[in-house]
Amino acid sequence: QPDASLFILPEHGGRARFDDEGYIVGPPDLVVEVASSSASYDVHEKRAVYEGAGVREYLVHRVLDEAVDWVVLVDGRYEPIGSDADGLLRSRVFPGLWLDPVALVKRDLAGVVAAVKKGLATPEHAEFAAVLAAACKSTGE
């Protein structure tokens, strides 16, 4: 099982939903895992399962390797999300979701939070949040 999943509800453009018993049906938009002894399994077998299931983004922090892998689904195959000029990784599915992999690996919580705040302050994130808010209003949620 993933450490965390993030998804957008179908009425807001996502593909995962809750069934009548409260279980998630369909692929989440983002799966995040922290892997230590399971890194080989997470980076290979689980990655292939998530790719085949249509999980749009997959992020793995490989603790022992001091590395972060973030991939995005493009035409049914995962491609790495590369760092930008600032060294940050930026989600393609969740505009404004940014990660500083160096800060994460160094356990620099202030650096991780700074990258997140920087991403959340962007016009792209504001537009994404506005679209979701408008969809909530139109569905009465």
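Before reading further, recall that the structure is shown in the block above.
Described below are features of the structure shown in this document. From a predicted model like this one, the values you see are computed outputs, not experimental measurements.

**Focus: the overall build of the protein chain**
And step 1. Check the secondary structure of the protein chain and you find four helices and nine strands.
And step 2. Over its C-alpha trace the protein chain gives a radius of gyration of 16 Å, about what one expects of a compact globule, namely 14 Å for 141 residues.
And step 3. In terms of overall dimensions, the protein chain has a C-alpha envelope of 45 × 35 × 30 Å along the principal axes.
And step 4. Evaluated residue by residue, the protein chain yields a buried proportion of 36% over its 141 residues.
And step 5. Sequence-distant contacts, at least 24 apart, represent 47% of the contacts inside the protein chain between residues at least 6 apart.
And step 6. A total of about 8300 Å² of accessible surface is found on the protein chain, and carbon and sulfur atoms cover 56% of it.
And step 7. Between the mean site of the 14 positive side-chain charges and the mean site of the 23 negative ones, the protein chain shows a separation of 4 Å.

**Let's talk about the pattern of salt bridges**
And step 1. The final tally for this structure, using the stated rule, is eight salt bridges.
And step 2. In this structure, aspartate 29 and arginine 56 form a salt bridge, with 3.0 Å as the shortest nitrogen-oxygen distance. On the criterion of sequence distance, the pair formed by aspartate 29 in the loop between β3 (24-25) and β4 (30-35) and arginine 56 in the loop between α1 (39-53) and β5 (57-62) is long-range, its members being 27 residues apart.
And step 3. Assessed through its relative accessible area of 0%, aspartate 29 is described here as buried.
And step 4. Look at arginine 56 and you get partly exposed, because its relative accessible area is 27%.
And step 5. Salt-bridge contacts for lysine 46 lead to glutamate 33; the nearest nitrogen and oxygen are separated by 2.7 Å.

Analysis parameters
Residues numbered from 1 in each chain as written. Predicted model: local features only at pLDDT ≥ 70, side-chain atom pairs only at ≥ 80, totals over all residues. Heavy atoms only, no water. Helix = DSSP H or I, 4+ residues; strand = E, 2+ residues; numbered from the N terminus. Rg over C-alpha atoms; globule rule 2.2 N^0.38 Å. Buried < 20%, exposed > 50% of the residue type's maximum accessible area, 1.4 Å probe, protein only. Contact = heavy atoms within 4.5 Å. Areas by Shrake-Rupley, 256 points an atom, 1.4 Å probe, with all protein chains shown as cover. Lys, Arg positive; Asp, Glu negative; His and termini not counted. Charge placed at Lys NZ, Arg CZ, Asp CG, Glu CD. Salt bridge = Lys/Arg side-chain N within 4 Å of Asp/Glu carboxyl O.

By themselves, these are just geometric observations and shouldn't be taken as functional.
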